[in-house]
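Residue strings, one per chain:
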Amino acid sequence: MRKQRRRRSRALVGAVAVTAVLGVAGCDVIGGSPSGPDAGRTRASRAVQVWNRSPASIAAVGDSITRGFDACTVLSDCPEVSWATGTSDQVDSLAVRLLGRAKAADHSWNYAETGARMADLPGQMADAAVRRPQLVTVMAGANDACRSSVRAMTSVADFRAQFEDAMDTLRKALPKTQVYVASVPNLKRLWSEGRTNPLGKQIWKLGICPSMLGDADDLTSAATLRRDRVQQRVEDYNKVLKAVCAKDRRCRFDGGAVYEYRFGTDQLSRWDWFHPSTDGQSRLAAIAYRTITAKDPVT
């Protein structure tokens, strides 16, 4: 009798153990952590969830475009119409769209500088980090191509090293702050649009982007080659921005949207016909807002 009880006890323990093992093994098959075809989608979903589509504060770094240069008065900054942090009703800036008008006034900061190149970005990032923003916007690179000559343009290797330095500077201070990176605009298209305006071409002679805009009406093969080389450098810069941003899961590149946007005369400054007008700034804000609030990053 005792032997029978022992056998039943051993059988019961064995059954429980087998059930437990099957239960654990069955998690992957029935509904736990997937190891089949759905595994990749699950991991991708978790990666997307890292991105916060409603950041509570914004800092902007970059160059004259983010400062609203020539959008209000000739050869002057006009940060109130900045696509990133402006307060103008005409622009409906990214900060206003994300934070609301009242909050944007106290929770957005503009550290961009007219004339800045990528080499200046690490310092701007350090300044921005002091505010501890949840999102940093980056629009830089046009001045690296807009030099006195083609030879003076920032090399692609230096551009990459400088952008990586800027990202490292931010990450050391703020590991979880998100970054939106805008592509460098299509400078050749801006030349094509602006060269139809006599006043704009006079302003260009003051030194605005000479590598692209110099001798604006010169259509010789040498001038065409010069502009093509500048344009190629811009495209190479955009490849760098995309590649470096892709290494950081809290960084979103605009997918080339700013570069591809077809700025017309209405979107260009009425003084220099090169920098974005108030309307152009509004278009940049819309591109940024779509990229930042999208469920999935641009591929």
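Attention in this report is confined to the structure presented alongside it. Since the structure is predicted, the reported quantities are computational estimates derived from the model, not experimental observations.

## Points about the pattern of salt bridges
Inspection of every chain in the model, using the stated rule, returns ten salt bridges. With its nearest N and O atoms 3.1 Å apart, the salt bridge here joins arginine 101 to aspartate 89. Taken as a pair, arginine 101 in helix H4 (residues 101–107) and aspartate 89 in the loop between strand E1 (58–62) and helix H3 (94–99) lie far apart in primary sequence, twelve residues in all. Judged by its relative accessible area of 41%, arginine 101 falls in the partly exposed class. Judged by relative accessible area, aspartate 89 falls into the exposed class, the value being 63%. Here aspartate 217 ties to arginine 195 by a salt bridge, and the two come within 3.5 Å at their closest N and O atoms. Of the two residues, aspartate 217 sits in the loop between helix H10 (210–213) and helix H11 (221–246) while arginine 195 sits in the loop between helix H8 (187–194) and helix H9 (198–204), which places them 22 residues apart along the sequence. Exposure remark for arginine 195: the relative accessible area of 23% places this residue in the partly exposed category. Each of the salt bridges in this network shares a partner with another, and the network as a whole consists of Arg195, Lys201 and Asp217.

## Side note on the sheet that holds E1
Read across the open sheet, the five strands follow the order E2-E1-E3-E4-E5; overall the sheet is parallel. On the outer flanks of this sheet lie strand E2 (108–110) and strand E5 (251–253), each paired with one strand and no other. Between one strand axis and the next, the sheet turns through 15° on average, direction left out of account. Direction of pairing for E1 relative to E2: parallel, over a ladder of three bridges.

## Things to note about the state of the cysteines
Throughout the structure, instances matching the rule amount to three disulfides. Between the sulfur atoms of cysteine 72 and its disulfide mate cysteine 78 the distance is 1.9 Å. The sign of the -65° torsion about the S-S bond sets the cysteine 72-cysteine 78 disulfide as left-handed. Judged by relative accessible area, cysteine 78 falls into the buried class, the value being 2%. The residue that forms a disulfide with cysteine 146 is cysteine 209, at a sulfur-sulfur distance of 2.0 Å. Between cysteine 146 and cysteine 209, the S-S torsion sits near -75°, and that sign places the bridge as left-handed. Of this pair, cysteine 146 sits in the loop between helix H6 (142–145) and helix H7 (156–173) while cysteine 209 sits in the loop between H9 and H10, and the two are 63 residues apart along the sequence. Relative accessible area serves as the criterion here: at 12%, cysteine 146 is assigned to the buried category. Judged by relative accessible area, which is 4%, cysteine 209 ranks as buried. Taken in N- to C-terminal order, the disulfide-linked cysteines of the protein are connected 1-2, 3-4, 5-6.

Cut-offs used in this document
Residues numbered from 1 in each chain as written. Predicted model: local features only at pLDDT ≥ 70, side-chain atom pairs only at ≥ 80, totals over all residues. Heavy atoms only, no water. Salt bridge = Lys/Arg side-chain N within 4 Å of Asp/Glu carboxyl O. Helix = DSSP H or I, 4+ residues; strand = E, 2+ residues; numbered from the N terminus. Buried < 20%, exposed > 50% of the residue type's maximum accessible area, 1.4 Å probe, protein only. Pairing = 2+ DSSP bridges. Axes fitted to C-alpha atoms, helices over the stretch in contact; angles between N-to-C directions. Disulfide = S-S within 2.5 Å.

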